[in-house]
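So you can see what is in the structure, the chains are spelled out below.
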Amino acid sequence: MPTSTPAPAEAPPQAVPPRHFEALYAGSDDPWHFDGSWYEARKRRLLLAALPHERYARAFEPGCATGLLTAELAPRCGELLATDGAERALEVAGRRLERHAHVALRRMWVPDEWPEGAFDLIVLSEFVYYLAPADIDRLALRVRASLAPGGVVAACHWRRPIAGCALAGDAAHLRLEAGMDLRRVVDATDADFRLGVWAAGMDSVACREGRSD
């Protein structure tokens, strides 16, 4: 009696490899055309406006790319660590951030690599969907473990299809949220991007100012 051959196991979804980003920066210092884009400028301003505290003592921004958001975030931080896996991106960011002595740039691939210490702000902007689903789960645990009491997480994701990514922006956003298990304080959905802010236990901005009555 013939036996059926089991179907080969489907390989787990993979992260977009580092060589993809290295190739992008080999062709341009601004491969996503951030500079001069009103879409990008508006998105950064919405993210910054959504942060519930005016100042943060120690912040972490992995996937900083060329440092446009980093430069706008810097005035609100006592210390800011910005990282990226692409060396060329960090070179461009370094020139942009020369006058910000309290901003440190470091080459790092998250979630495999992660800085020490606690942060009261972690910003995850436009890179989580490049990770494999299992890596998003590990990222969420890393974020949760390194968040200071009362700390804040902000994340922004492009919602349209991205070639080569295992998850689209909405799915990556929701998976990150589920893994962090933090209280959501802002959830804004635009036609093009989704913005979320979560907190490890804090009153609303209005309550902190005594405006709850």
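Refer to the preceding data block for the structure.
Computed from a predicted model, the values in this text were never measured in an experiment.

Asker: Before we go on, may I ask you to explain the overall build of the chain in this structure?
Answerer: Of the regular secondary structure elements, the chain holds seven helices and seven strands. Overall, the chain shows an N-to-C arrangement of helices and strands of α-α-β-α-β-α-β-β-α-β-α-β-β-α. Computed over C-alpha atoms, the radius of gyration of the chain comes to 18 Å, within 12% of the 17 Å expected from 2.2 N^0.38 for 213 residues, which places it in the range of a compact globule. Along the three orthogonal principal directions, the C-alpha set of the chain runs to about 80 × 45 × 35 Å. Split into buried and exposed, the 213 residues of the chain put 47% on the buried side. A fraction of 66% describes how many contacts in the chain between residues 6 or more apart in sequence connect residues 24 or more apart. A total accessible area of about 11000 Å² is found for the chain, and carbon and sulfur atoms account for 53% of it.

Asker: Would you take a moment to explain the pattern of salt bridges for this structure?
Answerer: Pairs can form between side chains of opposite charge once their charged atoms are near each other. A complete count under the given rule lists 20 salt bridges for this structure. A salt bridge links aspartate 35 to arginine 96, with the shortest nitrogen-to-oxygen separation between them at 3.5 Å. With aspartate 35 in the loop between helix 1 (18-27) and helix 2 (38-50) and arginine 96 in helix 4 (residues 87-96), this pair connects stretches of sequence that are 61 residues apart. Residue class for arginine 96 comes out partly exposed when judged on its relative accessible area of 26%. As a salt-bridge pair, aspartate 192 and arginine 160 come within 2.6 Å of each other at their nearest N and O atoms. In this pair, aspartate 192 sits in the loop between strand 6 (183-189) and strand 7 (193-199) while arginine 160 sits in the loop between strand 5 (147-158) and helix 6 (169-180), placing the two residues 32 residues apart along the sequence. Among the charged side chains, a network of salt bridges with common partners joins Arg159, Asp170, Glu177, Arg184, Asp187 and Arg194.

Asker: Explain the sheet that holds strand 3 (residues 103-107) here, please?
Answerer: In a beta sheet, neighbouring strands pair by backbone hydrogen bonds and run either parallel or antiparallel. The sheet built from seven strands is open, its strands ordered 3-2-1-4-5-7-6 with mixed pairing. The sheet is open, and its two edges are formed by strand 3 and strand 6, each paired on a single side. Mean inter-strand twist for the sheet, computed between neighbouring axes without regard to direction, equals 15°. Strand direction decides the pairing type here: strand 4 (residues 119-125) and strand 5, joined by six bridges, are parallel. Paired with leucine 121 across the two strands is valine 152, which belongs to strand 5. Docked against the sheet, helix 2 engages strand 4, strand 5, strand 6 and strand 7, running at close to 20° with respect to strand 7.

Asker: Help me out: how do you make sense of the environment of leucine 176 in this one?
Answerer: Note that leucine 176 resides in helix 6. On the accessibility criterion, leucine 176 (0% relative accessible area) is buried. In contact with leucine 176, not counting residues within four places along its chain, are Leu124, Val128, Ile136, Leu139, Ala140, Ala155 and His157.

Asker: Is there a simple way to explain the nonpolar core in this structure?
Answerer: Considering soluble globular proteins, one finds that nonpolar side chains tend to be buried as a cluster. Ranked by internal contacts, the top residues of the largest apolar core, which has 29 residues, are Leu124, Leu139 and Leu176. Elements that contribute at least two residues to this core include exactly strand 4, helix 5 (133-145), strand 5 and helix 6. If we skip the residues at most four places from it in the chain, leucine 124 touches Pro62, Leu139, Val143, Val153, Ala154, Ala155, Cys156 and Leu176. In terms of nonpolar packing, the next biggest core, distinct from the first, is built from 24 residues, Leu48, Ala59, Leu73 and Val123 among them.

Asker: Help me understand the layout of surface pockets, please; the structure alone is not making it clear to me.
Answerer: Unfilled space is identified by rolling a water-sized probe across the atoms. Counted as a void, the largest pocket has a volume near 930 Å³. Considering the residues around the largest pocket, the lining is formed by 44 residues, among which Phe21, Trp32, Glu126, Phe127 and Tyr130 are closest to the centre. Of all the secondary-structure elements, those providing two or more residues to the lining of the largest pocket are helix 1, helix 2, strand 1 (56-62), helix 3 (68-73), strand 2 (77-84) and helix 5. Class assignment for the residues of the lining of the largest pocket results in 28 nonpolar, seven polar and nine charged.

Thresholds applied
- Residues numbered from 1 in each chain as written.
- Predicted model: local features only at pLDDT ≥ 70, side-chain atom pairs only at ≥ 80, totals over all residues.
- Heavy atoms only, no water.
- Helix = DSSP H or I, 4+ residues; strand = E, 2+ residues; numbered from the N terminus.
- Rg over C-alpha atoms; globule rule 2.2 N^0.38 Å.
- Buried < 20%, exposed > 50% of the residue type's maximum accessible area, 1.4 Å probe, protein only.
- Contact = heavy atoms within 4.5 Å.
- Areas by Shrake-Rupley, 256 points an atom, 1.4 Å probe, with all protein chains shown as cover.
- Salt bridge = Lys/Arg side-chain N within 4 Å of Asp/Glu carboxyl O.
- Pairing = 2+ DSSP bridges.
- Axes fitted to C-alpha atoms, helices over the stretch in contact; angles between N-to-C directions.
- Core = buried A, V, L, I, M, F, W, Y, C linked by side-chain atoms within 4.5 Å.
- 1 Å grid on protein atoms, 1.4 Å probe; cavity = no way out; pocket = protein on both sides within 12 Å on 5 of 7 lines; lining within 4 Å.
- Points joined across faces, edges and corners; volume = space filled by probe spheres on them.
- Nonpolar A, V, L, I, M, F, W, Y, C, P; charged D, E, K, R; others polar.

Interpretation in functional terms is not warranted from these geometric data alone.
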